[in-house]
Amino acid sequence: LWEIDPAKHRPGLVVHGAGWPLSEHGATGGSFLYHLDDRQVVVGLIADLNYANPYLSPFEEFQRFKRQSEIRKYLDGGKRLCYGARAITKGGFNSLPKQSFPGGLLLGCDAGTLNFAKIKGIHTAMKSGMLAAETVAAALQAGDQGRSDLVGYAAAFRESWLYSELHQARNFGPALHKFGTFLGGAFNWIQHNLCGGRMFFTLKDRSSDHGQLAPASRFQPIEYERPDGKLTFDRLSSVFMSNTAHEEEQPVHLQLLDSSKAIAINYREYASPEQRYCPAGVYEIVEEEAGPRLQINASNCLHCKTCDIKDPTQNIRWVAPEGGGGPNYPNM
Ligand code: SF4
């Protein structure tokens, strides 16, 4: 979140991008820059977590992105106000789970109702909440005592515009994953503009994000430019701007199921990718006389859940920290 020069501020302006800079390292993703009120601008990069190169750093790619002339023309002379990171549940229609269970309903981004083709999820999350409220009200009127599996929600969801909207956008993400930014983008343009989303087939991407990471031996380390402290920044000063805080002396909320894998597999085969995919510098390899050791700086955690998704050995158990800690984002 930035505060920019009032002469450059265009309230309501939306700038979306696709591909660059991630495409230079064989990855896909998109970007956004939104002009809010009060001279404020939100700028961000969305990195698809199915990338292969363990040397890729989404945080550093975001710093590169800000150097692009169409982006930096707004940010130059401005001031960084806040920083945050979050894994987006963007599997869409093809990834929706069963949304009801005894005593509860799974809604909004917890279920994955984001329309990623539009990078919009508030209207769909609100609709899922409205459908849930109607389902619960109908159950109460029918004398339900609670703890039931309100399977009627699925039928209400199926008949709503929310289902139709997500169904029409179902091929967007898989097309980009299967065909890349340009061919996938062309496919999406045809699907959206010429066919209105009414394709008779459904593309599916059944691969897991962590399973796509390839051994480091297949790549050269990526040299990222040093931050200039004006437009680009380092990770730790950025984490400071997220106002993240955790109760002292609580059990570490990021636990390794098998601590030996951190060095035996992650370090030796994948060059410890957690040092780079974590946007908060939580995972750090400390070289000691006895050999390398993984240090987990859990108090820096932004709760983005990337490590839970991208760890190649799925060795990280993410438990909720005590005391309601975590980032505190103003206006984000
Ligand atoms: S430790 Fe995991 S959840 Fe926390 S900021 Fe890093 S990647 Fe995100």
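One structure accompanies this document, and this report is about it.

So, how was this worked out
Residues numbered from 1 in each chain as written. Predicted model: local features only at pLDDT ≥ 70, side-chain atom pairs only at ≥ 80, totals over all residues. Heavy atoms only, no water. Near = heavy atom within 4 Å. 1 Å grid on protein atoms, 1.4 Å probe; cavity = no way out; pocket = protein on both sides within 12 Å on 5 of 7 lines; lining within 4 Å. Sits in = over half its atoms within 2 Å of the grid points. Nonpolar A, V, L, I, M, F, W, Y, C, P; charged D, E, K, R; others polar. Points joined across faces, edges and corners; volume = space filled by probe spheres on them. Helix = DSSP H or I, 4+ residues; strand = E, 2+ residues; numbered from the N terminus. Phe/Tyr/Trp six-rings, centres within 6.5 Å; stacked < 30°, edge-to-face > 60°. Buried < 20%, exposed > 50% of the residue type's maximum accessible area, 1.4 Å probe, protein only. Salt bridge = Lys/Arg side-chain N within 4 Å of Asp/Glu carboxyl O. Pairing = 2+ DSSP bridges. Arc of directions from axis to C-beta. Axes fitted to C-alpha atoms, helices over the stretch in contact; angles between N-to-C directions. Parallel < 35°, antiparallel > 145°, perpendicular 65-115°, else oblique. Left-handed = near helix turned anticlockwise from the far one by under 90°. Contact = heavy atoms within 4.5 Å. Core = buried A, V, L, I, M, F, W, Y, C linked by side-chain atoms within 4.5 Å.

Here we look at the site of the ligand
- Taken together, 14 residues are adjacent to the ligand, and C278, C301, C304, K305 and C307 come closest.
- Among the detected pockets, the ligand sits in the second largest cavity.
- Residue composition of the shell around the ligand, by class: 11 nonpolar, 2 polar and 1 charged.

Details of empty space enclosed by the protein
- Using the criterion set out here, one finds 3 cavities of 30 Å³ or more in the structure.
- Around the largest cavity, the lining is made up of 15 residues, and of these G91, G92, F93, A169 and R170 lie nearest the centre.
- Top element by residues in the lining of the largest cavity is helix α7 (residues 172-194). It accounts for 3 residues.
- For the lining of the largest cavity, the class distribution of residues is 8 nonpolar, 5 polar and 2 charged.
- In this structure, the second largest cavity encloses a volume near 80 Å³.
- Around the second largest cavity, the lining comprises 14 residues; the ones closest to its centre are C278, P279, C301, C304 and C307.
- In terms of residue class, the lining of the second largest cavity is made up of 11 nonpolar, 2 polar and 1 charged.

Let's talk about the packing of aromatic side chains
- Under the criterion given, the structure shown has 11 aromatic pairs.
- Judged by centre distance (5.3 Å) and plane angle (20 degrees), the ring pair of F32 and Y34 falls under stacked.
- You can call F32 buried: its relative accessible area is 17%.
- Measuring from ring centre to ring centre gives 6.1 Å for F157 and Y163, while their planes differ by 85 degrees; the resulting arrangement is edge-to-face. Considered together, F157 and Y163 belong to a single accessibility category, that of buried residues.

Here's the deal with the pattern of salt bridges
- Under the defined criterion, the tally for this structure stands at 11 salt bridges.
- A salt bridge links E70 to K73; the shortest N-O distance between them is 2.9 Å. Here the residue E70 and the residue K73 both occupy positions in helix α2 (residues 69-75), the gap between them amounting to 3 residues, near one helical turn.
- The exposure class assigned to E70 is partly exposed, which follows from its relative accessible area of 43%.
- We classify K73 as partly exposed; its relative accessible area is 39%.
- For D308, the salt bridge is made with K305, and the minimal N-O distance between the two is 3.5 Å.
- A relative accessible area of 27% means that D308 is categorised as partly exposed.
- One network of salt bridges, in which partners are shared, links E24, E61 and R64.

Concerning the pairing of strand β3 (residues 29-35)
- For β3, the buried fraction is high: 6 of the 7 residues fall into the buried class.
- Both β3 and strand β4 (residues 40-47) contribute to a ladder of 7 bridges, which runs antiparallel. In the strand pairing of β4, H35 is matched with V41.
- As consecutive antiparallel partners, β3 and β4 are separated by 4 residues, and within that stretch D38 has a phi angle of approximately 50 degrees, a positive value.

A word on helix α9 (residues 261-270)
- Looking at α9, one finds that the buried residues are A262, I263, N266 and Y270. All buried residues of α9 fall inside an arc of 135 degrees around its axis, so they share one side.
- Just downstream of α9, A271 is the residue with a positive phi angle, here 55 degrees.

Focus: the packing of helix α4 (residues 122-141) against helix α5 (residues 152-159)
- Remark: α4 packs on α5, axes separated minimally by 10 Å, with the N-to-C direction vectors making an angle of 135 degrees. Classified by the angle between their axes, α4 and α5 sit oblique to one another. Seen along the crossing, α4 lies across α5 with a hand that is right-handed. Judged by residue contacts, S128, L131, A132 and T135 of α4 engage G152, Y153, A156 and F157 from α5.
- Of the residues contributing to the contact of α4 with α5, the split by class is 5 nonpolar, 3 polar and no charged.

Some remarks on the sheet that holds strand β2 (residues 14-18)
- The antiparallel open sheet is built from 5 strands, whose spatial order is β2-β3-β4-β1-β5. Only two strands of the sheet have a single partner each, and these edge strands are β2 and β5 (79-80).
- With respect to the sheet, helix α1 (residues 58-66) is in contact with β1 (2-3), β3 and β4, its orientation differing from that of β4 by roughly 130 degrees.

Regarding the nonpolar core
- Ranked by internal contacts, the top residues of the largest apolar core, which has 48 residues, are V43, L75, L254 and Y283.
- Elements represented by at least two residues in this core include exactly β4, α1, α2, α9, β9 (283-288) and β11 (316-318).
- Sort the elements by how many residues they give to this core and β4 lands first, with 4 residues.
- L131, A132, Y153 and L162 belong to the second largest nonpolar core, which has 8 residues in total.

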